[in-house]
Amino acid sequence: LGKLKFSDGRKYVGNFKNGLYNGFGFENMNYEINGKLNNKQFSYFGLFTNGLKNIYGKYYWKDIDLQYIGQFSNGFINGLGKLKFSDGRKYVGNFK
């Protein structure tokens, strides 16, 4: 178990294997809008394999209160999951 903090504001707390995120972990970061980094944050909690989000996890976009819970593959949302919107609406299905 370890912690990393990057100069761009990203933070990671979790397991490592061969210097890469591996196993359970939590990552918090800012995201880009029109190619520019801003202070809008989102987080991921779930499984990593060889440094990539993989198998199952949860994304949460704090500023718009949107969350995705479900499957990931090679760093991307991919597979069965549920999207929850701030107004209570939900979408359950396959994502690619």
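Scroll up for the structure.
Below you will find a few notes about this structure. Quantities reported herein were computed from a predicted structural model and do not represent experimental measurements. (Residues numbered from 1 in each chain as written. Predicted model: local features only at pLDDT ≥ 70, side-chain atom pairs only at ≥ 80, totals over all residues. Heavy atoms only, no water.)

### Section: the overall build of the chain
When you go through the chain residue by residue, the secondary structure sums to 0 helices and 8 strands. Along its sequence from the N terminus, the chain presents helices and strands in the succession β-β-β-β-β-β-β-β. A globule of 96 residues ought to have a C-alpha radius of gyration of about 12 Å, and the chain, at 14 Å, matches this closely. For the chain, long-range pairs separated by at least 24 residues make up 9% of all intrachain contacts whose partners lie at least 6 apart in sequence. As presented, the chain carries roughly 6,400 Å² of accessible surface, and 53% of it is formed by carbon and sulfur atoms. Here the chain contributes 15 positively and 6 negatively charged side chains, and the mean placements of these two sets differ by 6 Å. (Helix = DSSP H or I, 4+ residues; strand = E, 2+ residues; numbered from the N terminus. Rg over C-alpha atoms; globule rule 2.2 N^0.38 Å. Contact = heavy atoms within 4.5 Å. Areas by Shrake-Rupley, 256 points an atom, 1.4 Å probe, with all protein chains shown as cover. Lys, Arg positive; Asp, Glu negative; His and termini not counted. Charge placed at Lys NZ, Arg CZ, Asp CG, Glu CD.)

### Examining the packing of aromatic side chains
Under the definition given, this model contains 16 aromatic pairs. With centroids separated by 5.3 Å and ring planes inclined at 85°, the aromatic side chains of Tyr 91 and Phe 95 adopt a geometry described as edge-to-face. For Tyr 91, a relative accessible area of 41% puts it in the partly exposed group. Here a set of aromatic residues connected by ring pairs shows up, and it is made of Tyr 12, Phe 16, Tyr 21, Phe 42, Tyr 44, Phe 48, Tyr 59, Trp 61, Tyr 68, Phe 72, Tyr 91 and Phe 95. A cation over a ring is seen here: Arg 10 above Phe 6, with NZ or CZ 3.9 Å from the ring centre. The lysine or arginine in question, Lys 53, covers the ring of Tyr 44, its NZ or CZ lying 5.5 Å from the ring centre. (Phe/Tyr/Trp six-rings, centres within 6.5 Å; stacked < 30°, edge-to-face > 60°. Buried < 20%, exposed > 50% of the residue type's maximum accessible area, 1.4 Å probe, protein only. Lys NZ or Arg CZ within 6 Å of the ring centre and 35° of its normal.)

### Some remarks on the pattern of salt bridges
Applying the stated criterion to the full structure yields 2 salt bridges. Lys 53 is the partner of Glu 27 in a salt bridge, and the nearest nitrogen-oxygen pair spans 3.1 Å. Taken as a pair, Glu 27 in strand S3 (residues 20–33) and Lys 53 in strand S5 (residues 52–61) lie far apart in primary sequence, 26 residues in all. In this structure Glu 27 comes out as buried when scored by relative accessible area, which is 5%. Classification of Lys 53 as buried rests on a relative accessible area of 12%. A salt bridge links Asp 87 to Arg 89; the nearest nitrogen and oxygen atoms lie 2.8 Å apart. (Salt bridge = Lys/Arg side-chain N within 4 Å of Asp/Glu carboxyl O.)

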